[in-house]
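A structural walkthrough
Take a look at the letters that make up each chain.
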Amino acid sequence: MLQISHTVSIPEHEVEMSAVRSQGAGGQNVNKVATAIHLRFDILASSLPNRYQERLLKLSDQRITKEGVIVIKAQEHRSQEQNRAEALQRLQALIKNAIALPKPRKRSKPTRSSQRKRLDNKSRRSQIKAMRGKVTDE
């Protein structure tokens, strides 16, 4: 069971994991042993509540396919078990971030001194630009 919150959890049979060979440097270990983990999780076929599914499908994350399948590849560690735990942790974090609501923005006013500074800078700048005009002899 992958625990998402106090009330929501994902059964292990809904998460499909397969071991593949890692990419990159690593010598013989990389060439012989399948330590990387490919995790696949179908959002629509899962037992997640509808609001979780909707929020996940609305995300513009490159790990979510058009069909609504989350694909995560973990290959940082040398052991398969550590990569498996890493992949599950990333899935858990993705779902938690999707359901977290952003804080509402509080409107604020600029302070009097900041308004005065802005206007002073504008007038100083306009004087500098006015001085760039042609010089006439009168």
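Structure shown above.
In short, a report on the structure. (Residues numbered from 1 in each chain as written. Predicted model: local features only at pLDDT ≥ 70, side-chain atom pairs only at ≥ 80, totals over all residues. Heavy atoms only, no water.)

1. Digging into the pairing of strand β4 (residues 36–42)
Applicable threshold: Being paired, for any two strands, means DSSP has found at least two bridges between them. Labels follow the DSSP assignment, with helices taken as runs of H or I lasting at least four residues and strands as runs of E lasting at least two, numbered in each case from the N terminus.
Looking at chain direction, strand β3 (residues 15–20) and β4 are connected through six bridges and run antiparallel. Paired with Val 20 across the two strands is Ala 36, which belongs to β4. Both β4 and strand β5 (residues 69–74) contribute to a ladder of six bridges, which runs antiparallel. Residue pairing across strands places Asp 42 opposite Val 69, the latter belonging to β5.

2. Points about the sheet that holds β3
Filter applied, for reference: Orientation is described by lines fitted to C-alpha atoms, with helices fitted over the stretch in contact, and by angles between N-to-C directions that extend from 0 to 180 degrees.
Taken together, three strands build an open sheet; the order of strands is β3-β4-β5 and the sheet is antiparallel. Edge positions in the sheet fall to β3 and β5, since each has one partner strand and no second. Each adjacent strand pair in this sheet contributes to an overall mean axis angle of 15 degrees, direction not counted.

Note that every value here comes from positions in space, so none of it alone points to a role or purpose.
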